[in-house]
Amino acid sequence: MTTILGIETSCDETAAAVVVDGKDVRSNIVASQVDLHRKYGGVVPEIASRAHIERLDAVIEEAFDAAGCSHGHIDAIAVTNRPGLVGALLIGVTAAKTLSWVWGKPLVAVDHIEAHACSPAMGLDQPPWPAVGLIVSGGHTSLFRIDQPTSITLLGATTDDAAGEAFDKVAAILGLSYPGGPEIERIAQNGDPMAVDFPRTMLAPNSLDFSFSGIKTAVLYHVHGQGRTTGGLEKLSPQDIADIAASFQRAVIDVLVRKTMLAICQTGLPTVVLGGGVAANRVLRSALATACSERDLDFHAAKMAYCTDNAAMIAALGYHLLVSGDVAGLDLDAYATGAVPRR
Ligand code: KG4
Ligand code: ZN
């Protein structure tokens, strides 16, 4: 039995978790900072770093309490060290290095996006690998080939905005509150997804890359008028806004599903996994589930609790890295960008 303490501070969630053998989640504590950032309409890096400093000790203690164990029971500490806001990452990395040294436990460095990619495996009896992984979050939109948690290859990624970023920006255009993804999904329930024909940007025919900045601009001009960026919102009824939200959501999901199926065609893999904050979107989950069942593919979406940022996924991937001997030194640093090799 190998028990890992996971620590996650890459953006605006301060999180700690205790996970056994990479899948048995004993505790998963997340202190969200969303209330601190809402009035700014997005994450303010300095506020995020400060809040991590104030909260991390208590969050780690709570993770131990909820798991019914203490630091004497853990075999290693896994921490997110890339990608993310560097100031925010440094708080978790510094805490993890300090605890590693004081408690005499090995330290494991985890890539946040790779952890999202492996999160759909948590709670499954059988690992779903090899699989195509669609990882959609506020900072990233990526397609991976996942052969093992320790063998992940990038197939394609966004060339501009991430899917979650597009949801957040379109929500701001529509006067909805932050974070925009859940708001768009809520409002879209009353809207007609066929009301507005927003562009589906596919890039080159065989490309597995994404682009979401065009659709964001299309929504902006649809709301305010071609070439205009203000003045249009007041003219829209609540039904108009619901229709735009539903049409935008449909267009983004169409692209995500089509590209994932293209990745399946190109790799010949039998399984699709879905993770990241946008994976909490029920319309996306069911669209991808339908596309997979039509093609006899296995499909596993991350459980809701493991879609948005959390430390259980960090501890889970940390376990596989530890077992493979991938241990970090006390000179571990934080990096704004990830390092997943591209095919
Ligand atoms: O993975 P995550 O918690 O943080 C990053 O690593 O970026 O993802 C946060 C993103 C935000 O952009 C948020 O708007 C989006 O996930 N999101 C959603 C939903 N819930 C969260 N997007 C669409 N529909 C949702 N239900
Ligand atoms: Zn994330």
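Relevant structure appears above.
Criteria and thresholds
Residues numbered from 1 in each chain as written. Chains lettered and ligands numbered in written order. Predicted model: local features only at pLDDT ≥ 70, side-chain atom pairs only at ≥ 80, totals over all residues. Heavy atoms only, no water. Helix = DSSP H or I, 4+ residues; strand = E, 2+ residues; numbered from the N terminus. Rg over C-alpha atoms; globule rule 2.2 N^0.38 Å. Buried < 20%, exposed > 50% of the residue type's maximum accessible area, 1.4 Å probe, protein only. Contact = heavy atoms within 4.5 Å. Areas by Shrake-Rupley, 256 points an atom, 1.4 Å probe, with all protein chains shown as cover. Lys, Arg positive; Asp, Glu negative; His and termini not counted. Charge placed at Lys NZ, Arg CZ, Asp CG, Glu CD. Pairing = 2+ DSSP bridges. Axes fitted to C-alpha atoms, helices over the stretch in contact; angles between N-to-C directions. Polar contact = N/O pair within 3.5 Å; in protein donor to acceptor, adjacent residues only side chain to side chain. Salt bridge = Lys/Arg side-chain N within 4 Å of Asp/Glu carboxyl O.

Asker: Lay out the overall build of the protein chain in plain terms, naming residues and giving numbers.
Answerer: Across its full length, the protein chain holds 10 helices and 10 strands. Rg of the C-alpha trace for the protein chain: 20 Å, near the compact-globule value of 20 Å for 343 residues, within the 12% margin. Along the longest, intermediate and shortest principal axes, the C-alpha atoms of the protein chain span 60 × 45 × 30 Å. For the protein chain, the proportion of its 343 residues judged to be buried stands at 53%. Considering only residue pairs separated by 6 or more positions, the protein chain has 73% of its internal contacts joining residues 24 or more positions apart. Just so you have it, the protein chain exposes about 14,200 Å², and 52% of that area is on carbon and sulfur atoms. Counting 25 positive and 37 negative side-chain charges, the protein chain places the centres of these two groups 4 Å from one another.

Asker: Lay out the sheet that holds strand 1 (residues 3-8) in plain terms, naming residues and giving numbers.
Answerer: The strand order across the open sheet built from five strands is 3-2-1-4-5, with neighbouring strands paired in mixed fashion. Of all strands in the sheet, those bounded by a partner on one side alone are strand 3 (24-32) and strand 5 (107-111). Strand-to-strand twist of the sheet, defined as the mean angle between neighbouring strand axes without regard to direction, takes the value 20°. Strand direction decides the pairing type here: strand 1 and strand 4 (residues 76-82), joined by four bridges, are parallel. Among the inter-strand pairings, Gly 6 is bridged to a residue of strand 4, identified as Ala 78. Helix-sheet contacts for helix 2 (residues 45-67) involve strand 1, strand 2 (13-20) and strand 3, and the interaxial angle to strand 2 is about 25°.

Asker: An account of the side chain of Arg 82 is needed here, citing residue identities and associated values.
Answerer: Note on placement: Arg 82 falls in strand 4. Among the residues examined, Arg 82 registers a relative accessible area of 19% and is labelled buried. Looking at Arg 82, its side chain comes within polar contact range of the side chain of Asn 81, at 2.7 Å.

Asker: Lay out the pattern of salt bridges in plain terms, naming residues and giving numbers.
Answerer: Enumeration over the complete set of coordinates arrives at 13 salt bridges. For Glu 165, the salt bridge is made with Lys 169, and the minimal N-O distance between the two is 2.9 Å. Of this pair, Glu 165 and Lys 169 are both found in helix 5 (residues 163-173), four residues apart, which corresponds to roughly one turn of the helix. Taking relative accessible area as the criterion, Lys 169 reaches 32% and is therefore assigned partly exposed. Residues Arg 186 and Glu 183 are paired through a salt bridge, measuring 3.0 Å at the closest nitrogen-oxygen approach. Separated by three residues within a single helix, Arg 186 and Glu 183 lie in helix 6 (residues 180-188), roughly one turn from each other. Sharing partners across several salt bridges, the network here consists of Asp 161, Glu 165, Lys 169 and Lys 216.

Worth remembering: the numbers are spatial, not functional.
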